[in-house]
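What the coordinates show
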Amino acid sequence: MTTPPPKMLWSRVVGTPRPEQKELNIYAEDYDDNQLIILIILFKQYPTLSTVNIAYNEQITDKSIIELAHNFHELTRVDLRGCYNLTDFAIITLAKNCPKLKEVYLYGCEYLTNISVFALVDNCPNITKYYMDDCCKITDDAIIHISKYCPKLECAHFRDCNELTDSAIISIANNCHKLKILDIAGCKNITDKSVNALTGLSELREVDLRNCPKLKKKTITKLIKKCNVQIPLHLK
């Protein structure tokens, strides 16, 4: 791929630059590492950049995310959904350099392991939203670590994280009392024990339990009545 001149890249992404520029948004664009690094260099004039959305850029690797982390320490929201080539090294670097992160979107980053989660939890204590659907290598240990050290957690997406069991969800229920949204659809090892534990979360408003074959309908009904939660219609 031929890399466009820096001014052309800047114009495509930013349009008319503003002194208060806080967002880099190249959602679903077909950029490679070299192009993204050029944008990062250009964006250095905006040190208060707080939001980065480069979701579904399949050519992006650790190289550009590491460059991003080293240059922007005020980030509060990072959307890396569908950046399938990222590894733990990128997320560890991001966590260590961006301690103000509050929202992390990592859907489908299938190479990530518990090490990434530990780094985020230990370095970014104010994260309120974890989106880790299809991160198939994530296990109970990572989720339990989140539950113990992220008391502000409000939204947790672990759809199709097939290694998760009741231990993880019960720990979330026991420790994350501000949780409002939980997606564990497709987590096939989850049983009624998890759902019963969730009934103790007074602020819980949305739960996705689709494709959890071990759950009984009466247990789901109990959760709906106890917490007044929204659940996909075919589960009610």
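Structure: above.
As the structure is a computational prediction, the values presented were derived from the model and not from experiment.

What counts and what doesn't
The residue count restarts for each chain, going from 1 along the sequence in the order it is written. Totals for whole chains, interfaces and linings use all residues, but because this is a predicted model, local features are given only for residues with pLDDT of at least 70 and pairs of side-chain atoms are given and counted only at 80 or more. Side-chain measures here rest on the full set of heavy atoms in the structure, leaving out hydrogens and waters. Counted as salt bridges are all cases of a side-chain nitrogen of Lys or Arg within 4 Å of a carboxyl oxygen of Asp or Glu. Only DSSP runs of H or I covering at least 4 residues are called helices, and only runs of E covering at least 2 are called strands; the numbering of each starts at the N terminus. Buried residues are those whose accessible area, probed at 1.4 Å on protein chains only, stays under 20% of the maximum for their type, while exposed residues exceed 50% and partly exposed ones sit between those limits. Only C-alpha atoms enter the line fits that serve as axes; for helices the fit covers just the stretch in contact. Angles between N-to-C directions range over 0 to 180 degrees. Angular relationships are summarised with four words: roughly parallel below 35 degrees, roughly antiparallel beyond 145, roughly perpendicular across 65 to 115, and oblique for the angles in between. The contact criterion used is simple: two residues touch if any of their non-hydrogen atoms lie within 4.5 Å. For this scheme, ten residues count as nonpolar: Ala, Val, Leu, Ile, Met, Phe, Trp, Tyr, Cys and Pro. Four count as charged, namely Asp, Glu, Lys and Arg, and the remainder, Gly too, count as polar. Ring geometry is summarised as follows: Phe, Tyr and Trp rings, the Trp one being its six-membered ring, pair when their centres sit within 6.5 Å, and such pairs are stacked at plane angles under 30 degrees, edge-to-face over 60 and tilted between the two. We call two strands paired when DSSP finds no fewer than two bridges between them.

**Focus on the pattern of salt bridges**
Pairs can form between side chains of opposite charge once their charged atoms are near each other. All told, the structure shown has 9 salt bridges when counted by the stated rule. When the shortest N-O distance is used, the salt bridge between Glu74 and Lys100 registers 2.6 Å. A residue pair is termed long-range when its members are at least 10 positions apart, and Glu74 in the loop between helix H3 (62-71) and strand E3 (77-79) and Lys100 in the loop between helix H4 (88-97) and strand E4 (103-105) qualify at 26 residues. A relative accessible area of 33% means that Glu74 is categorised as partly exposed. Put simply, Arg159 and Asp183 hold a salt bridge, and the shortest N to O gap is 2.8 Å. Note that Arg159 is positioned in the loop between strand E6 (155-157) and helix H7 (166-175) and Asp183 in strand E7 (residues 181-183), a separation of 24 residues in sequence. Overall, Asp183 belongs to the buried group, its relative accessible area being 5%.

**Considering the packing of helix H5 (residues 114-123) against helix H6 (residues 140-149)**
Contact geometry of H5 with H6 gives a least axis separation of 9 Å together with a crossing angle of 10°. Taken together, the axes of H5 and H6 are roughly parallel relative to one another. Contacts from Asn114, Val117, Phe118, Val121 and Asp122 in H5 reach Asp141, Ala142, His145, Ile146 and Tyr149 in H6. Residues belonging to the contact of H5 with H6 are distributed by class as follows: 6 nonpolar, 2 polar and 2 charged.

**Some details on the packing of aromatic side chains**
Each aromatic ring pair is specified by the distance between its two centres and by the angle formed by the two planes. Taken as a whole, this structure holds 2 aromatic pairs when the rule is applied. A centroid spacing of 4.3 Å and a plane angle of 15° characterise the contact between Tyr105 and Tyr131, whose relative ring orientation is stacked. Residue Tyr105 is located in strand E4, and its partner Tyr131 is located in strand E5 (residues 129-131); the two are separated by 26 residues in the primary sequence. Tyr105 sits in the buried class, given a relative accessible area of 8%. Centre to centre, the rings of Tyr107 and Tyr131 are 5.7 Å apart; their planes meet at 55°, and the pair counts as tilted. One end of the pair, Tyr107, is in the loop between E4 and H5; the other, Tyr131, is in strand E5, with 24 residues separating them in the sequence. Classification of Tyr107 by relative accessible area gives buried; the value is 19%.

**Considerations on H6**
Along H6, the residues that are buried comprise Asp140, Ala142, Ile143, His145, Ile146 and Ser147. Looking at the buried side of H6, the elements it contacts are H5, E5 and H7.

**Quick look at unusual backbone geometry**
In this model, Asp134 sits at a positive phi of 65°, which is unusual for a non-glycine residue. You can see Asp134 is positioned in the loop between E5 and H6.

**Here we look at the sheet that holds strand E2 (residues 51-53)**
In spatial order, the strands read E1-E2-E3-E4-E5-E6-E7-E8; together these 8 strands make up an open sheet with parallel pairing. Strands at the two margins of the open sheet, each flanked by one partner only, are strand E1 (23-25) and strand E8 (206-208). Each strand of the sheet is rotated relative to its neighbour by a mean of 5°, with strand direction disregarded.

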